[in-house]
Amino acid sequence: MSFYIRSQTLVLYMGLTILGIILAYGLYSTNLRCSVSSNIQPISEGKRQTWWIQRGELSRTRNWNVVSPERLLYKQPSATWGRSDVMPITPWLAPIIWEETFNPELVDAIYKPMNLTIATTVFAVGKYIRFLGDFLESAEQHFMVDFKVNYHIFTDQPQEVPAVTLAAGRKIFVHLVPKLDRWQDISASRMQMIQTIIEQQVHREADYIYCQDVDAKFHFRWGAETLDRLVGQIHPWYYDLNRDQFTYERRPESTAYIPAGVGDFYYIGAMFGGTVEDVYRLVKKCHENIEIDKAKGIEAAWQEESHLNWYLLHNKPSKVLSPEYMWDDQRGKTEVMKVIRLSQILKNYAEVRENV
């Protein structure tokens, strides 16, 4: 009889121990919400076509109407006054987003009920892993607050990804990638890796995707006002220069070639985004062009940024972000910059880049 009681007690003790382990793991995963995948590999053309058709059907059934809640009170907009120190719209009628050109409360009231998921990608390879903690922690304070966000982190050091407390509905996915010999190769490979992760995962999970640099820190709201079909951002060093001063690829032999006297804006490679479908088209075309150049022994002047500028010249973005959304701290704050939402961290490029 006593043996039977001891056996039952032991079983009960083991059960409680296992339950405690499960609960502890649940609390840990709630804070980190992190999964790690092995090296990403391109998928076959047949599978690519299948998901593209399925994703297209999903997109056609989603309600993209801009619906304002009833009885929502907000400041009346004006058709006769506003900011006169910046251009709020492009010649092809895409809005340029600056502070005081939108109402954040109204924007949130429209977009938050849509139950959207936003994916964002960052590459933390080599010494750039040191910037990931500040990026994630500041993003949790300012980036798409109260939206579902999936952070896709590409790194050669998954064990160094910091544990960050995430808000509900936000997750971290870590993707193992190789460390390449040159920083230029890391830069040029981004388009292919983003294309592959969209094909393998993002198309099933997200409505929008924004591709950003990890060596940056959020300081102010970076929200749903950025959402649109295809989004580019004006480079903080070129927004007030003539197009002939832009550092486009000028060699006709390159697929990224833009001749003198041509161009709208110079877009920064550190931020582009839009719907999953439109970003997929962008990265796929840029990857194809990079491979064509590589076969001819050509590397564009600024790697994927040169190809991005070519693409956005010929495929106009439906929304353009002002330099507020990715500033460079080396430039200081200019008069037109009423806020700095995200800025690149001051650093020694010769020290953090591979084989400069």
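See the structure shown above.
Residues numbered from 1 in each chain as written. Predicted model: local features only at pLDDT ≥ 70, side-chain atom pairs only at ≥ 80, totals over all residues. Heavy atoms only, no water.

Describing the pairing of strand S9 (residues 267-275)
Successive side chains on a regular strand alternate, one facing one side of the sheet and the next facing the other. Among the nine residues in S9, nine count as buried, and that is most of the element. Here strand S6 (residues 208-212) runs beside S9; their pairing, made up of five bridges, is antiparallel. Note that in S9 the partner of Tyr-208 across the bridge is Thr-275. Sheet topology note: the strand S8 (residues 230-234)/S9 ladder contains four bridges and is antiparallel. Note that in S9 the partner of Gly-232 across the bridge is Phe-272. (Buried < 20%, exposed > 50% of the residue type's maximum accessible area, 1.4 Å probe, protein only. Helix = DSSP H or I, 4+ residues; strand = E, 2+ residues; numbered from the N terminus. Pairing = 2+ DSSP bridges.)

Quick word on the side chain of Asp-278
Relative to the helices and strands, Asp-278 is located in helix H6 (residues 276-295). A relative accessible area of 12% means that Asp-278 is categorised as buried. Beyond its immediate sequence surroundings of up to four residues, Asp-278 is in contact with Arg-229 and Leu-230. (Contact = heavy atoms within 4.5 Å.)

Remarks on the packing of aromatic side chains
One pass over the structure, following the stated rule, counts 15 aromatic pairs. Ring centres of Tyr-128 and Phe-131 lie 5.6 Å apart, and the angle between their planes is 65°; on these two criteria the pair is classed as edge-to-face. Grouping residues by exposure puts Tyr-128 and Phe-131 together as buried. For the pair Tyr-238 and Tyr-266, a centre-to-centre distance of 4.8 Å together with 50° between the ring planes defines the contact as tilted. A residue pair is termed long-range when its members are at least 10 positions apart, and Tyr-238 in the loop between S8 and S9 and Tyr-266 in the loop between S8 and S9 qualify at 28 residues. Tyr-238 sits in the buried class, given a relative accessible area of 17%. Judged by relative accessible area, which is 1%, Tyr-266 ranks as buried. In textbook terms, an aromatic cluster arises when at least three aromatic residues are bridged by ring pairs, as seen for Phe-135, Phe-143, Tyr-210, Phe-218, Trp-222 and Tyr-325. Above the face of the Trp-92 ring, Lys-316 is positioned so that its terminal group lies 5.0 Å from the ring centre. (Phe/Tyr/Trp six-rings, centres within 6.5 Å; stacked < 30°, edge-to-face > 60°. Lys NZ or Arg CZ within 6 Å of the ring centre and 35° of its normal.)

A few points about helix H7 (residues 303-314)
Because each turn of an α-helix spans 3.6 residues, side chains separated by three or four positions in sequence point in the same direction. Taking 1.5 Å of rise per residue, 12 residues should cover 16 Å, and H7 covers 18 Å from first to last C-alpha, within 8% of that figure. Most of H7 sits out of view: 11 of its 12 residues are buried. Within H7 the residues assigned to the buried category are Gln-303, Glu-304, Glu-305, Ser-306, His-307, Leu-308, Asn-309, Trp-310, Tyr-311, Leu-312 and Leu-313. (Expected span 1.5 Å × (residues − 1).)

Here's the deal with the sheet that holds strand S7 (residues 216-218)
Taken together, the three strands give an open sheet; going across it, the order is S7-S12-S11, and neighbouring strands pair in mixed fashion. Since the sheet does not close on itself, it has two edges, and those belong to S7 and strand S11 (327-328), each with one partner.

Focus on the pairing of strand S4 (residues 148-155)
Across the eight residues that make up S4, a large majority, seven, are buried. As defined by bridge partners, strand S3 (residues 117-124) adjoins S4 across eight bridges and the pair is classed as parallel. Looking at the pairing, Ala-124 lines up with Thr-155 of S4. The parallel pair S3 and S4, bridged by helix H4 (residues 132-142), forms a crossover whose chirality is right-handed. Relative to strand S5 (residues 170-176), S4 is paired through seven bridges, and the arrangement is parallel. Each residue of the ladder has a partner; that of His-152, found in S5, is Phe-173. (Right-handed = clockwise from strand over helix to strand, strands pointing away.)

Topic: the pattern of salt bridges
Applying the stated rule across the entire model yields 19 salt bridges. When the shortest N-O distance is used, the salt bridge between Asp-213 and Arg-190 registers 3.6 Å. With Asp-213 in the loop between S6 and S7 and Arg-190 in helix H5 (residues 183-205), this residue pair connects regions lying 23 residues apart in the sequence. Judged by its relative accessible area of 6%, Arg-190 falls in the buried class. Connected via shared salt-bridge partners are Asp-108, Lys-112, Asp-146, Arg-221 and Glu-225. (Salt bridge = Lys/Arg side-chain N within 4 Å of Asp/Glu carboxyl O.)

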